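Descriptive structure summary
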Amino acid sequence: METIQSTSLWQMVAAALIFFIAYGCIQTGIIHRAYAAWGGAILALILGLVDVTTAYRTHIAWETIFLLLGMMLMSGVIGKTGGFHYIAVKSIQKAQGQLTKLLLLVAVIAALGSALLDPITTILLLVPITIRIAKVMEVSPVPFIVTEMLCGNIGGSATLIGSLPNMMIGSSKLTSVTFNGFLLHVAPLSILLFAVTLFVLHRMYAKEWKQLQTKTQDWKSLDASDYIKNRPLLIKALIVWGLTLVGFIFHKQLHTSVAIIALAGAFVLLLLTIRKKDELEEAVHSVEWGTLAFLIGLFFIVGGLVNSGIIEAVALKGMELTSGSGVFVSILVLWVAGLVSAGVDQAPLVAAMLPLIKNIGVHMDLAYGWELNPVWWSLAIGASIGGGATLIGSHANLIAAGLAMKEGHEISFTKYLKTALPLTLLLLLISTAYVVWIYY
């Protein structure tokens, strides 16, 4: 990895100021995060902290950009099928009106949906139908939505494609982790954390529901098949998505990156489903172009940190704090990522941590071996789990709270924090024990 050793103090100060000012603008929402990132990127270019050619070749993680683009396109098509709504209605009927059973079912749907698509898409599809189901059952949807938020973040941590932090880690040239690596190393922990979360939430909400029994039987009249908007589209989407997942699993044997497989899956799905110009425009609009632009600008800013020598300086300080111990590095990364992700945007954090961890690995002679992978897993786990601690910790949480508020069901910041923060701290403790036990 390239670093510029002979940089002056003013360049280090300028790179740090640009990063933290952009970070502050992104977090506070004073301006759109894409504008904040590109404002910082342009300043870094003007000051000579990074140049376009080096950024294009070295600092911009094109694998992440293309993987995210492919996933957005496929999620947009799958979301139109009505398949999620069908599963949700079937769940209420399977629960037979029992609230604790329904809690379990929506938790499973949220976790699996987030692992296979992403938490944002899952929340957008699941929360509206959850509110509808709760209305039919004459109960508050808030416990179910909170469960979906927490379980969605945990489910998203299980796979390379389940969250933006995981995509950034798994598709970065700085790491050696794979799709199967997430399944083997992170998914088992995610399942454990899901079980703990569900146990805690079940115990908490069961007390509220003990004296409450749904009197209405209106849920029996719901017809799940009515929610399938386009059956042929659903079948095509499931087939292509299934083949894409197979491609992810065998991408090493195919000598193809997950980004190319995601783009290929999206291209095939669009070819099979797009027949009219307005359908193509709808597919294009399903892509969050602002997020892609935000990430590209962010990579420019982080490139400035790398070139100025700040990343290497922080890496050396991290080595001093942890005495060069792999277990202490993993624990430090896990808790820093977990606690910081609770209150700030995860993308800038992960973008800055990637070269930092790589530099720490270089100084520990672990940069090119499997020994550094536990630190990557710690970063993925901490960033994903920490995002569930607060309403502002993840975009999925903000969207869920907004959808609930729109329907007259407020999920206050304080009330959510009382439930989610202690649970998140417990999950981080369990994750710490898991990392130490499995890898050290």
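Okay, so let's go over this structure. Just so you know, these numbers come straight off a predicted model, no measurement behind them.

1. Regarding the overall build of the protein
The number of helices and strands found in the protein is 21 helices and zero strands. When the backbone C-alpha atoms are referred to their principal axes, the protein occupies close to 75 × 50 × 45 Å. Here the contacts in the protein between residues at least 6 apart in sequence split such that 83% fall between residues at least 24 apart. Roughly 19,500 Å² of accessible area belongs to the protein as shown, and the carbon and sulfur atoms make up 67% of that amount. Between the mean site of the 26 positive side-chain charges and the mean site of the 22 negative ones, the protein shows a separation of 9 Å.

2. Regarding the layout of surface pockets
Reported here for the largest pocket is a volume of approximately 930 Å³. The wall of the largest pocket is formed by 41 residues, among which Asp-118, Ile-120, Glu-288, His-395 and Ile-399 lie closest to the centre. Contributions of two or more residues to the lining of the largest pocket are made by α1 (9–28), α4 (62–79), α7 (119–137), α9 (164–171), α14 (277–285), α18 (346–363) and α20 (395–406). For the lining of the largest pocket, the leading source of residues is α4, giving eight residues. For the lining of the largest pocket, the class distribution of residues is 21 nonpolar, 14 polar and six charged. Here the second largest pocket is characterised by a volume of approximately 510 Å³. Considering the residues around the second largest pocket, the lining is formed by 22 residues, among which Val-314, Val-336, Ala-352, Met-353 and Leu-356 are closest to the centre.

3. A look at the side chain of His-251
Here His-251 lies in helix α12 (residues 251–254). Exposure remark for His-251: the relative accessible area of 10% places this residue in the buried category. Contacts of His-251, omitting those with residues within four sequence positions, involve Thr-178, Phe-179, Thr-256, Val-258 and Ile-261.

4. Quick look at empty space enclosed by the protein
Across all of its chains, the model carries two cavities of 30 Å³ or more by this definition. Its volume calculated, the largest cavity comes out at about 50 Å³. Taken together, Leu-150, Asn-153, Ile-154, Thr-197, Ile-385, Gly-388, Leu-423, Thr-424 and Leu-427 make up the full set of residues lining the largest cavity. Around the second largest cavity, the lining residues are Leu-102, Val-106, Thr-130, Ile-133, Ala-134 and Phe-144. Secondary-structure elements contributing two or more residues to the lining of the second largest cavity are α6 (99–116) and α7. Of the residues assigned to the lining of the second largest cavity, the class counts are five nonpolar, one polar and no charged.

5. Some thoughts on the packing of helix α3 (residues 52–59) against helix α15 (residues 289–308)
Direction vectors running N to C along α3 and α15 enclose 100°, while the axes themselves pass 10 Å from each other. Accordingly, the angle class assigned to the pair α3 and α15 is roughly perpendicular. Contact with α3, carried on its side by Val-52, Ala-55 and His-59, involves Phe-299, Phe-300, Gly-303, Val-306 and Asn-307 of α15 and no other residues of that element. Classifying every residue of the contact of α3 with α15 gives five nonpolar, three polar and no charged.

6. Comments concerning α15
With 20 residues, α15 should cover 28 Å at 1.5 Å per step; its first-to-last C-alpha distance of 29 Å lies within 8% of that length. Among the 20 residues in α15, 17 count as buried, and that is most of the element. With its phi angle positive at about 95°, Gly-309 sits one or two positions after the end of α15.

7. Overview of α18
Helix length check: α18, at 18 residues, gives a terminal C-alpha distance of 26 Å against a target of 26 Å (1.5 Å per residue), a fit within 8%. Met-353 marks the point of greatest bend in α18, at about 25°, and the proline Pro-355 comes within the next four residues. Of all 18 residues in α18, 16 are buried, a share of seventy percent or more.

What counts as what
Residues numbered from 1 in each chain as written. Predicted model: local features only at pLDDT ≥ 70, side-chain atom pairs only at ≥ 80, totals over all residues. Heavy atoms only, no water. Helix = DSSP H or I, 4+ residues; strand = E, 2+ residues; numbered from the N terminus. Contact = heavy atoms within 4.5 Å. Areas by Shrake-Rupley, 256 points an atom, 1.4 Å probe, with all protein chains shown as cover. Lys, Arg positive; Asp, Glu negative; His and termini not counted. Charge placed at Lys NZ, Arg CZ, Asp CG, Glu CD. 1 Å grid on protein atoms, 1.4 Å probe; cavity = no way out; pocket = protein on both sides within 12 Å on 5 of 7 lines; lining within 4 Å. Points joined across faces, edges and corners; volume = space filled by probe spheres on them. Nonpolar A, V, L, I, M, F, W, Y, C, P; charged D, E, K, R; others polar. Buried < 20%, exposed > 50% of the residue type's maximum accessible area, 1.4 Å probe, protein only. Axes fitted to C-alpha atoms, helices over the stretch in contact; angles between N-to-C directions. Parallel < 35°, antiparallel > 145°, perpendicular 65-115°, else oblique. Expected span 1.5 Å × (residues − 1). Bend = angle between axes of the 7 residues up to and from the residue.

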